[in-house]
Amino acid sequence: MEQLVRVLVCSPDGTARVVHVRESACSGDCHKCAGCGAAKETVEITAQNPIGASPGDLVIIRSASGPVLAAAAVLYLLPLMLFFLGYGLMAAGNLSGPLGGLLGAALGIFIAFGYDRLVLKKKKTVYTIIGYGPSAAH
């Protein structure tokens, strides 16, 4: 996955602190439609800086897609699969199938929250600056 970010601070250890501005799905053009007034959220990330980008540079960072896809699978697929498994097992035992589905989905959501906390603790996602942004003259 690639994102366009701005370099804030460079460190002697070969990393850089970069900032990414998250916008709403409507691109934040609320003045055009007098809509929600969605606030922009800024996220600071530490990235490897092999190209020697300087503070203020607009750069492109890349992260591995694997951890993102794994998180999406745990978040969306696991509760759904456990819903159907719980429904099927309870219905096969002549018990309430919907209750089994609800319990299975609840277990999936509980596991997803645990996985999220584990990922936050490990901070396995590694970002690397791979080039300069479109407006850079390097």
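Placed above this text is the structure.
Engineer: Tell me about the overall build of the protein, and please be specific about residues and values.
Structural biologist: Looking only at helices and strands, one finds three helices and five strands in the protein. Across the protein, helices and strands are ordered from the amino to the carboxyl terminus as β-β-α-β-β-α-α-β. Looking at the protein as a whole, 23% of its 138 residues qualify as buried. Within the protein, contacts between residues at least 6 apart in sequence are counted, and of these 69% link residues at least 24 apart. Carbon and sulfur atoms make up 64% of the accessible area of the protein, which totals about 9400 Å².

Engineer: Before we move on, could you go through the pairing of strand β5 (residues 127-132) and cite the residues and values that matter?
Structural biologist: Inspection of the sheet shows strand β3 (residues 41-48) paired to β5 by two bridges, in the parallel sense. Residue pairing in the sheet places Q48 in a bridge with T128 of β5. In this structure, strand β4 (residues 58-63) lies alongside β5, joined through five bridges in antiparallel fashion. Within the sheet, the bridge partner assigned to V59 lies in β5 and is Y132.

Engineer: I'd like a description of the nonpolar core, backed by residues and values.
Structural biologist: If you look at the biggest cluster of nonpolar residues, it comprises 11 residues: V5, V7, A16, V18, V43, I45, A47, A53, V59, I61 and I129. Of all the elements in the fold, those that place two or more residues in this core are β1 (2-10), β2 (15-22), β3 and β4. Tallying contributions element by element places β3 first for this core, with three residues. Excluding its chain neighbours within four sequence positions, the residues that come into contact with V59 are Q3, L4, V5, V7, A53, I129, G131, Y132 and G133.

Engineer: Please set out the pattern of salt bridges residue by residue, giving values where relevant.
Structural biologist: Using the criterion set out here, one finds two salt bridges in the structure. Among the ionic pairs, E2 bridges to R62, the shortest N-O distance being 2.4 Å. Of the two residues, E2 sits in strand β1 while R62 sits in strand β4, which places them 60 residues apart along the sequence. You can call R62 partly exposed: its relative accessible area is 41%.

Engineer: Please set out the packing of aromatic side chains residue by residue, giving values where relevant.
Structural biologist: Following the criterion strictly, the structure yields two aromatic pairs and no others. When the centroid spacing of 5.2 Å and the interplanar angle of 75° are considered together, the rings of F83 and F84 count as edge-to-face. The class for F83 is partly exposed, based on a relative accessible area of 30%. What links up through ring pairs into an aromatic cluster is the set F83, F84 and Y87.

Engineer: Before we move on, could you go through a nonpolar patch on the surface and cite the residues and values that matter?
Structural biologist: Together, L75, Y76, L77 and M81 give the surface a local cluster of nonpolar side chains, amounting to about 460 Å² of exposed area. Relative to the assigned elements, L75 resides in helix α2 (residues 65-92).

Engineer: I'd like to hear about α2, residue by residue, with values.
Structural biologist: One turn of an α-helix holds 3.6 residues; hence residues three or four places apart share an orientation. The end-to-end C-alpha distance of α2, which contains 28 residues, comes to 39 Å, matching closely the 40 Å that a straight helix rising 1.5 Å per residue would cover. Along α2, the largest kink reaches about 35° and is centred on L77; proline P79 follows within four residues of it. Along α2, the residues that are buried comprise V74, P79, L82 and G86. Backbone geometry just downstream of α2 places N94 in the positive-phi region, at approximately 55°.

Reading the values: the criteria
- All chains use their own residue numbering, which begins from 1 and follows the written sequence.
- Given that this is a predicted model, residues contribute local features only at a pLDDT of at least 70 and side-chain atom pairs are listed and counted only at 80 or more, while totals for whole chains, interfaces and linings are drawn from all residues.
- For the side-chain quantities, the full set of heavy atoms in the structure was used; hydrogens and water were omitted.
- Here a helix means four or more residues in a row that DSSP labels H or I, a strand means two or more in a row labelled E, and each is numbered from the N terminus.
- To sort residues, take the accessible area from a 1.4 Å probe on protein chains only and compare it with the maximum for the residue type: under 20% means buried, over 50% means exposed, and anything in between is partly exposed.
- The contact criterion used throughout is that any non-hydrogen atoms of two residues lie within 4.5 Å.
- In these tables, accessible area is a Shrake-Rupley quantity obtained with a 1.4 Å probe, and a residue counts as shielded only by the protein chains included in the view.
- Each pair of strands is called paired provided DSSP finds at least two bridges between the two strands.
- We call a set of buried Ala, Val, Leu, Ile, Met, Phe, Trp, Tyr and Cys residues a nonpolar core when their side-chain atoms join them within 4.5 Å.
- When a carboxyl oxygen of Asp or Glu lies within 4 Å of a side-chain nitrogen of Lys or Arg, that pair is called a salt bridge.
- Working definition: a ring pair exists when centres of Phe, Tyr or Trp rings (six-membered ring for Trp) sit within 6.5 Å. Plane angles under 30 degrees give stacked, over 60 give edge-to-face, the rest tilted.
- Residues enter a patch when their relative accessible area is above 30% and they make no salt bridge; the linking distance is 9 Å between like charges and 5 Å between nonpolar side chains (Val, Leu, Ile, Met, Phe, Trp, Tyr).
- Helix span is expected to be 1.5 Å times the residue number reduced by one.
- Throughout, the bend at a residue refers to the angle made by two axes, fitted to the seven residues ending there and to the seven starting there.

That is the geometry; function is a separate question.
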